[in-house]
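Overview (structure and organization)
This is what each chain is made of:
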Amino acid sequence: MTSRYITFGKGDKPLVMIQGLNTNGIKGSSIPLALMYRLFSNEYKVYLFDRNEYFDEHTTIEMMAYDVIKAMEYLNISNAYILG
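Residues numbered from 1 in each chain as written. Predicted model: local features only at pLDDT ≥ 70, side-chain atom pairs only at ≥ 80, totals over all residues. Heavy atoms only, no water.

**Looking at the overall build of the protein chain**
Formally: The numbering of helices and of strands both runs from the N terminus, where a helix is a DSSP run of H or I of at least 4 residues and a strand a run of E of at least 2. Burial classes follow relative accessibility: with a 1.4 Å probe on protein chains only, a residue under 20% of its type's maximum area counts as buried, one over 50% as exposed, and anything between as partly exposed. In what follows, residue pairs with any heavy atoms lying within 4.5 Å of each other are defined as contacts. We get accessible surface area from the Shrake-Rupley algorithm with a probe of 1.4 Å; when it comes to residues, only the shown protein chains can shield them.
In terms of regular secondary structure, the protein chain is built from two helices and four strands. Each helix (α) and strand (β) of the protein chain, taken in turn from the N terminus, gives the series β-β-α-β-α-β. Taking all 84 residues of the protein chain together, 30% fall into the buried category. A sequence separation of at least 24 residues applies to 80% of the contacts in the protein chain between residues at least 6 apart. For the protein chain, the accessible surface area stands at approximately 5,700 Å², while carbon and sulfur atoms represent 56% of it.

The structure is reproduced here in structure tokens:
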């Protein structure tokens, strides 16, 4: 999980965007997503994480939230705005 993310923006405030279940394979799509979310890029450093590739019917919201927490810890983000 920790290596499957994109980031863009030049702001000094971290913003973690949680896009839902359709973000498997996000690596390499930073330009189109940055264009879509450009209104955030001046004020925030935006982070978008892939969901776990092993998502199945037994995966809970708590498990998905834990994945986001672990990714934030990996990137030394201790406090962030969350949009999702």
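**Description of the pattern of salt bridges**
Stated precisely, the cut-off is as follows: Criterion for a salt bridge: a side-chain nitrogen of Lys or Arg within 4 Å of a carboxyl oxygen of Asp or Glu.
Inspection of every chain in the model, using the stated rule, returns two salt bridges. In this structure, Glu-43 engages Lys-13 in a salt bridge whose closest nitrogen and oxygen atoms are separated by 2.3 Å. Separated by 30 residues along the polypeptide, Glu-43 in the loop between helix H1 (30–36) and strand S3 (44–49) and Lys-13 in strand S2 (residues 13–17) bring together distant segments of the chain. Taking relative accessible area as the criterion, Glu-43 reaches 39% and is therefore assigned partly exposed.

**Things to note about unusual backbone geometry**
Here the phi dihedral of Asn-76 falls at roughly 60°; this positive angle occurs in a residue that is not glycine. Relative to the helices and strands, Asn-76 resides in the loop between helix H2 (61–74) and strand S4 (81–83).

**Some points on the confidence of the model for the protein chain**
For clarity, the cut-off: Think of pLDDT as the predictor's per-residue confidence, scored from 0 to 100.
Looking at the protein chain as a whole, the pLDDT averages 79, with 71% of positions reaching at least 70. S2 holds the highest mean pLDDT among the elements of the protein chain, 93, whereas H1 holds the lowest, 62.

**Examining H2**
This is how the line gets drawn: By this rule the span expected of a helix is its residue count minus one, scaled by 1.5 Å. An arc is given here, and it is the one of the directions from the helix axis to the C-beta atoms.
Taking 1.5 Å as the rise per residue, H2 with 14 residues should run 20 Å; its terminal C-alpha atoms sit 20 Å apart, in good agreement. Of the residues making up H2, those classed as buried are Asp-67, Val-68, Ala-71 and Met-72. Angular distribution of buried residues about the axis of H2 spans 135°; they occupy a single face of the element. Every exposed residue of H2 that faces more than 90 degrees away from the buried side is listed here: Glu-62 and Tyr-74. Looking at the buried side of H2, the elements it contacts are S2, S3 and S4. The first or second residue beyond H2 is Asn-76, which carries a positive phi of 60°.

**What about the sheet that holds S4?**
In plain terms, the rule: Strands qualify as paired when DSSP identifies two bridges or more between them. Here an angle of 0 to 180 degrees is reported between the N-to-C directions of two axes, which are lines fitted to C-alpha atoms, with helices fitted over the stretch in contact.
Read from one edge to the other, the open sheet built from four strands follows the order S1-S3-S2-S4, with strand pairing classed as mixed. The two strands at the open ends of the sheet, each matched to only one other strand, are strand S1 (5–8) and S4. Neighbour-to-neighbour, the strand axes of this sheet turn through a mean angle of 25°, independent of strand direction. Here S1 runs beside S3; their pairing, made up of four bridges, is antiparallel. In the strand pairing of S3, Ile-6 is matched with Leu-48. Running at roughly 130° to S3, H2 makes contact with S2, S3 and S4 of the sheet.

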